[in-house]
Amino acid sequence: MAQLPSRASTSTSNAVAAKKPSISVRGRCVPHTEDSRFRVEVGYHAELIAVFKSIASKNYDPATKMWNFSLEDYQQLMEEAASIASVSLRPLEGMEVVDVASCRPSNSAVLGALLKLCSGWQKPGATLQGQCILVSPNKFEVDVGYNVDVIAAFKQMPTSSYDMKTRKWSFSLEDFKKAHYFPYPVDLLGGIAAVEVEPLPRAVIQAFSASFDGTEARSFDVPKADLSAIEPSLTNSLMPFQREGVNFAVFKQGRLLLADDMGLGKTVQAICIAAYYRNEWPLLVVAPSSVRFTWAEAFRRWLPSLSPDCINVVVKAKDNLRSGLVNIVSYDLLSRMDKQQPGDPFNVLIMDESHFLKNIKTARCKAALPLLKAAKRVILLSGTPAMSRPCELYTQILAVRPNLFPRYHDFGMRYCDAKQTNWGWDYSGSSNLGELKLLLEESLMLRRLKSEVLSQLPAKQRKVVTVTIDGICARMKAALSAAAKELSKEHRNKTEEKEALLIFYNRTSEAKLQAIMEYITDMLECGREKFLVFAHHKLVLDHISCELGKKNVPFIRIDGATPSLERQQLCDKFQNSAKTCVAVLSITAANMGITLHSADLVIFAELFWNPGVLIQAEDRVHRIGQTKSVNIHYLVAKGTADDHLWPMIQGKMNVLQQVGLSESNFSDNAVSASFHSKDPKQRSIMEMFQRSFTAEDDMDEAMLLEAADDWDNAPPEDTS
Ligand SMILES: Nc1ncnc2c1ncn2[C@@H]1O[C@H](COP(=O)(O)OP(=O)(O)OP(=O)(O)O)[C@@H](O)[C@H]1O
């Protein structure tokens, strides 16, 4: 049996002395040629480079192979460098010395040693593997199988506690310092050859350094920002939670992911945060193309002192991206303006609907990343930062805190349940979601739910309405069952499988046309004054519009073909005219950036595979200003692709809920149970749906949308 250190032998001084990290890289800060800058003369060290890259004012000089920075960032750089145990930087002469010891009394040694544990903990011969997981801001758990030596080691920890229910041991972070207890359990277990315990990730240790230390202010003690320089008409309009949002942003030095629920006023908060940094403008707002003009309108409303001439909405790729004090551009246009980008960096950047950045391989993300890297203030906005799974958060984390997870693989291993497959690594899963939620909230994300901050906002009621397709003609029935049969076959490859799914989805839209219109007619006849109808296929949108026209029902329609400028006018018409009672909306083109809360009913004529998009669409009515209880009706037809889409939506939603990114629960509806098919053949189709639509979602979406367009452009089939 391995010899365990006795409690007496782990007195603080001995343990720390024994574990004192050795410094492998020494460097120094010296004044740079340019005024108000300094450079760091130091040899190569990967972690230190990651710190350098995270500093807003960084600049690399290829001639000298040295990094230089603005003096404004001196304190931040020295503090971050101090947390790397093996690095020592001599302070800048003549500058106020950053007394790391006084910043983090006794913490830096502990922290440095903890960070050192993040590498080299693997034991190739270990037969029992475990993992440390953060379970609250000051507590972590060790998830490891039974081993008598491990239990003995755990019992030596002063704060250890055993949960009989979960059968897990947990320990306090803060007591590391308080109890002068060192080393960490991973080290304590170091002597047990058969056991390997993965420590907390480096990002967690850095983000929660205050908890190890217990002296620094934690983010819930966010100080009140001084907003006196901002025009009072704006600051006085802020609701208390919005004011807290601005405080948080200033506390985080203007770098954050504001992930408030849809409709909580992220726009006004972002404008106020940007206004706080007004002396660093020009400002760039990157938004989906459909909401560019809504942004311009919001600046005029909230910052009336800003001359309208200063607002530049970019509409063509050859327009000047930098001609205004406030510049607004769409993601797609930005990716076509690459040539213009080498210019002065934008110091202040707002990225609306930042989940648009979820795939690093897309042109829009590639175009945005250099701007994000160069910007000093990065304000990301999204009510749904991840639409279906944690890997979608990575680029947003990288944009706000580049040094938290410089390597995607590390993030993937920890939070995406990364698995090696024949085709490479698969990061589409999820793991340690509780820890990820804590980490995001501590380091970069602020998310408030409507239920928390708007007690007066009425509830949202969801209902699954089973519609029948019994009335469809025999030919269509045959086509639908052929599509279902085709899907249940063995497929040679994923492309074939997806094609079969698409055909089934498209056939479903045709089959539902009649039932959808019957339901809408019922709603009109039973006196529903105003409601939204969302659909995905053009065929369905056209059918609804045409039938409403025949019935002389005034309606508006917003789809992918509606010009951005017209969208706001149509919304105003719907909001202000009592006569306009239906809004016919495309799920993909009208799910964001618009307010239609004069209605209190939303009907989904079709389902969509991405639950984030559905929730966004629902929240066009469930937002500030809504006074009535909101009803959402999902029309689901048995015997169609809906049987499979609905359980898939529920599954994805559960993952988002665990990471705190959705309070919406699609599974609490009693009706939903009936959509889990018991037929083993159908079940396998459902699994196929899940498989096909979980990997490479972007590709799927593009492919699906394209396929749906092709389908829509084909002559409609007889629906009688
Ligand atoms: N402090 C405020 N005073 C008055 N109206 C407000 C305030 N904050 C927000 N609103 C209004 O609430 C509505 C929702 O705000 P906004 O569109 O900014 O929400 P959001 O969080 O960006 O939503 P989404 O994520 O859906 O885009 C808008 O009509 C906005 O004008």
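Okay, so let's go over this structure. Not measured: the values here are computed from a predicted model.

In this structure, Asp417 is a non-glycine residue whose phi angle is positive, near 50°. At Asn552, a residue that is not glycine, the phi angle is positive and equals roughly 60°. Mapped onto the secondary structure, Asn552 falls in the loop between α23 (538–550) and β22 (555–558). Looking at Asn552, the relative accessible area reads 65%, which means it is exposed.

Looking now at the sheet that holds strand β6 (residues 128–136). Taken in spatial order, the five strands make up an open sheet running β8-β9-β7-β6-β10, and their pairing is mixed. The outermost strands of the open sheet, each flanked by one partner alone, are β8 (161–163) and β10 (195–198). Across this sheet, the average inter-strand angle for adjacent strands is 30°, counted without regard to direction. Where β6 and β10 come together, four bridges link them in parallel fashion. When the sheet's bridge partners are listed, Gly130 is paired in β10 with Val197. Strands β7 (139–143), β9 (168–172) and β10 of the sheet are contacted by helix α6 (residues 148–156), whose axis makes an angle of about 30° with β9.

Further remarks concern the environment of Leu115. Counting through the fold element by element, Leu115 comes out in helix α5 (residues 107–116). Spatially, the C-alpha atom of Leu115 lies 8.0 Å from that of Gln206, the residues being 91 residues apart in sequence. Each residue touching Leu115, except ones within four places of it in the same chain, is listed here: Ser83, Arg202, Ile205 and Gln206.

Moving on: the pattern of salt bridges. Throughout the structure, instances matching the rule amount to 22 salt bridges. A salt bridge links Arg447 to Asp261; its shortest N-O distance comes to 3.9 Å. On the criterion of sequence distance, the pair formed by Arg447 in the loop between β19 (445–446) and α20 (450–453) and Asp261 in the loop between β11 (255–258) and α13 (266–276) is long-range, its members being 186 residues apart. Glu297 is the salt-bridge partner of Arg300, the closest N and O atoms lying 3.5 Å from each other. Of this pair, Arg300 and Glu297 both sit in helix α14 (residues 292–302), separated by three residues, roughly a single helical turn. Look at Glu297 and you get partly exposed, because its relative accessible area is 43%. Through salt bridges that share partners, Lys538, Asp542, Arg557 and Asp559 make up one connected network.

Let us look at the nonpolar core. Within the largest apolar cluster, 70 residues are counted, with the highest numbers of intra-cluster contacts made by Leu200, Val329, Met351 and Leu372. The leading source of residues in this core is helix α16 (residues 363–374), at six residues. The next biggest cluster of nonpolar side chains, apart from the first, holds 40 residues, and it includes Trp295, Trp302, Leu303 and Leu306.

About the thresholds
- Residues numbered from 1 in each chain as written.
- Predicted model: local features only at pLDDT ≥ 70, side-chain atom pairs only at ≥ 80, totals over all residues.
- Heavy atoms only, no water.
- Helix = DSSP H or I, 4+ residues; strand = E, 2+ residues; numbered from the N terminus.
- Buried < 20%, exposed > 50% of the residue type's maximum accessible area, 1.4 Å probe, protein only.
- Pairing = 2+ DSSP bridges.
- Axes fitted to C-alpha atoms, helices over the stretch in contact; angles between N-to-C directions.
- Contact = heavy atoms within 4.5 Å.
- Salt bridge = Lys/Arg side-chain N within 4 Å of Asp/Glu carboxyl O.
- Core = buried A, V, L, I, M, F, W, Y, C linked by side-chain atoms within 4.5 Å.

Function-wise, these values are silent; they only describe arrangement.
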